[in-house]
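# Examining the three-dimensional arrangement
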Amino acid sequence: MYEWHRQIQTIVDEIDECIKHRDDEALTLRFLSRKLGYSEFHTTRKFKEISGMQFREYLRTRRLAFALIEVRDTRRSFLDIAVDYGFSSHEAFTRAFKATYSITPNAYRKHPKPVVLRTKIKPFDRYFLGIGEIGMVKSTDNIKIYYVTIPAHKFLHIKNYESNGYFDFWAKQDAVPGQDCDTICGLLDSIKGKLDGEDDVIGMYSGQVMAHINEADGKRPECYGVRLSPDFNGEVPPQMIMVDVPEAEYIVFEHGPFSHDDESEAVGRATLETIKAHDYSATAYALDETPGRMSYFHYVPDKFYKHIKPVRKR
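## Focus: helix α6 (residues 90–101)
Residues separated by three or four positions in an α-helix point in the same direction, a consequence of the helix having 3.6 residues per turn. The terminal C-alpha atoms of α6 lie 16 Å apart, and with 12 residues this matches the ideal 16 Å at 1.5 Å per residue to within 8%. On its buried face, α6 sits against α4 (55–73), α5 (78–84) and α7 (105–110). Once α6 ends, the next one or two residues include Ser102, with phi positive near 60 degrees.

Following this line, the structure appears as structure tokens:
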């Protein structure tokens, strides 16, 4: 089964590349099945089994997600966008767009409110499949520790008081109507101006971060959201919370690039051990537990694994 997860991930990666390069000939079930070495029937069945949706429906909604970015960020005609993304006419594109996002392309261009993009099928996590560490860890000591002043910003998020870690967070959120992983990540994908990611990257959770927020009663609920500029004035989805985060100082524990498949567990363990062992008494700082202070966690394998914690001067 793990090998099939890898194969399906190969398909969804290929789909995105073909959409970006307008390569319609390669965007067929026949072409992708042959590339994997399986029949169309077998590939279709496994795709539905693993992703939860039909191949053709996934392809249609991914095309719409890419098209939505062009509707939002360019002044191109809707007919040109429709043709580029495989729709036969302006009318067909408008019907599909409205059916998917509950708003017409014209209305969305005038007022780009948050909508739930069809997020890319998320990378399949090896640990869900009961597979342990594979291969040698390249480095467990490549961890930098430094202090930074982070400018004032806004944080748009949801939060959970009962969860413990990323997977438990989403397991609990998936039981809350309108706050499941696909809905929240899709909404965050559609919001322009994220400080930590790219606005035209769809379904890779670009700019989305885990966080903790210190509350007055001593609780530190887990949060998930995006950092935005302090002057952001876009619409806030009803199931989310927007808070203003003032300029403040933080300590950063940062591991460099690593392999998601082979090194995630070891990198996470090494980073947490470094955080636990850090001696603040030898510095001019202490951890800051003041209500409203935020801690952030960034997981971007090709760039870094990073914990950012609030500090204050002694």
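## Observations concerning the side chain of Glu254
Position of Glu254 among the secondary structure elements: in strand β6 (residues 248–255). Of the buried charged residues, Glu254 lacks a salt bridge, with Lys306 as the closest side chain of opposite charge at 4.0 Å. Among the polar contacts made by the side chain of Glu254, one reaches the side chain of Tyr146 at a distance of 2.4 Å. Leave out the neighbours within four places in its chain, and Glu254 touches Asn142, Ile143, Lys144, Tyr146, Phe304, Tyr305 and Lys306.

## Digging into the pairing of strand β3 (residues 208–213)
By the criterion of burial, β3 is predominantly enclosed, with five of the six residues buried. Bridge count between β3 and strand β4 (residues 222–228): five bridges; the pairing is antiparallel. If you follow Ala211 over to β4, its bridge partner there is Cys223. As paired elements, β3 and strand β8 (residues 294–300) share four bridges and run antiparallel to each other. Within the sheet, the bridge partner assigned to His212 lies in β8 and is Ser295.

## Some remarks on the pattern of salt bridges
Following the criterion strictly, the structure yields 14 salt bridges and no others. For Asp84, the salt bridge is made with Arg76, and the minimal N-O distance between the two is 2.6 Å. When salt bridges with common partners are traced through the structure, they connect Glu70, Arg76 and Asp84 into a single cluster.

## Let's talk about empty space enclosed by the protein
Evaluation of the coordinates by the stated rule reveals one cavity of 30 Å³ or more. Taken as a whole, the largest cavity spans an internal volume of roughly 40 Å³. Together, Cys18, Ile19, Arg22, Asp23, Asp24, Leu27, Arg63, Asp84 and Tyr85 line the largest cavity. Residues of the lining of the largest cavity, tallied by class, amount to four nonpolar, no polar and five charged.

## Description of the packing of aromatic side chains
Per the stated rule, a full pass over the model turns up 15 aromatic pairs. Ring geometry for Phe169 versus Trp170: centroids 5.1 Å apart, planes at 85 degrees, classification edge-to-face. A relative accessible area of 0% places Phe169 in the buried class. Ring centres of Phe258 and Tyr305 lie 6.0 Å apart, and the angle between their planes is 70 degrees; this geometry places the pair in the edge-to-face category. Taken together, the residues Phe258 in the loop between β6 and α10 (260–277) and Tyr305 in strand β9 (residues 304–313) connect sequence positions 47 residues apart. Residue Phe258 is classed as buried on the basis of its relative accessible area of 8%. Over the face of the ring belonging to Tyr250 we find Arg293, whose NZ or CZ atom lies 4.8 Å from the ring centre. Above the face of the Phe304 ring, Lys306 is positioned so that its terminal group lies 3.9 Å from the ring centre.

## Brief notes about the layout of surface pockets
The volume enclosed by the second largest pocket comes to roughly 180 Å³. Around the second largest pocket, the lining residues are Arg72, His111, Pro112, Lys113, Pro114, Ser190, Ile191, Lys192, Phe232, Gly234 and Glu235.

## What about the nonpolar core?
Counting residues in hydrophobic clusters, the biggest one holds 37 residues, and the most contacted among them are Ile11, Ile15, Phe55, Leu68, Phe93, Phe97 and Tyr101. For this core, the secondary structure elements donating two or more residues are α1 (2–20), α2 (29–36), α3 (40–51), α4, α5 and α6. Dropping the residues within four chain positions of it, Phe97 is found in contact with Leu64, Leu68, Val71, Ser102, Ile103, Thr104, Pro105 and Tyr108. Ranked by size, the runner-up nonpolar core spans 21 residues in total, among them Val226, Phe232, Phe258 and Val267.

Reading the values: rules and limits
- Residues numbered from 1 in each chain as written.
- Predicted model: local features only at pLDDT ≥ 70, side-chain atom pairs only at ≥ 80, totals over all residues.
- Heavy atoms only, no water.
- Helix = DSSP H or I, 4+ residues; strand = E, 2+ residues; numbered from the N terminus.
- Expected span 1.5 Å × (residues − 1).
- Contact = heavy atoms within 4.5 Å.
- Buried < 20%, exposed > 50% of the residue type's maximum accessible area, 1.4 Å probe, protein only.
- Lys, Arg positive; Asp, Glu negative; His and termini not counted.
- Salt bridge = Lys/Arg side-chain N within 4 Å of Asp/Glu carboxyl O.
- Polar contact = N/O pair within 3.5 Å; in protein donor to acceptor, adjacent residues only side chain to side chain.
- Pairing = 2+ DSSP bridges.
- 1 Å grid on protein atoms, 1.4 Å probe; cavity = no way out; pocket = protein on both sides within 12 Å on 5 of 7 lines; lining within 4 Å.
- Points joined across faces, edges and corners; volume = space filled by probe spheres on them.
- Nonpolar A, V, L, I, M, F, W, Y, C, P; charged D, E, K, R; others polar.
- Phe/Tyr/Trp six-rings, centres within 6.5 Å; stacked < 30°, edge-to-face > 60°.
- Lys NZ or Arg CZ within 6 Å of the ring centre and 35° of its normal.
- Core = buried A, V, L, I, M, F, W, Y, C linked by side-chain atoms within 4.5 Å.

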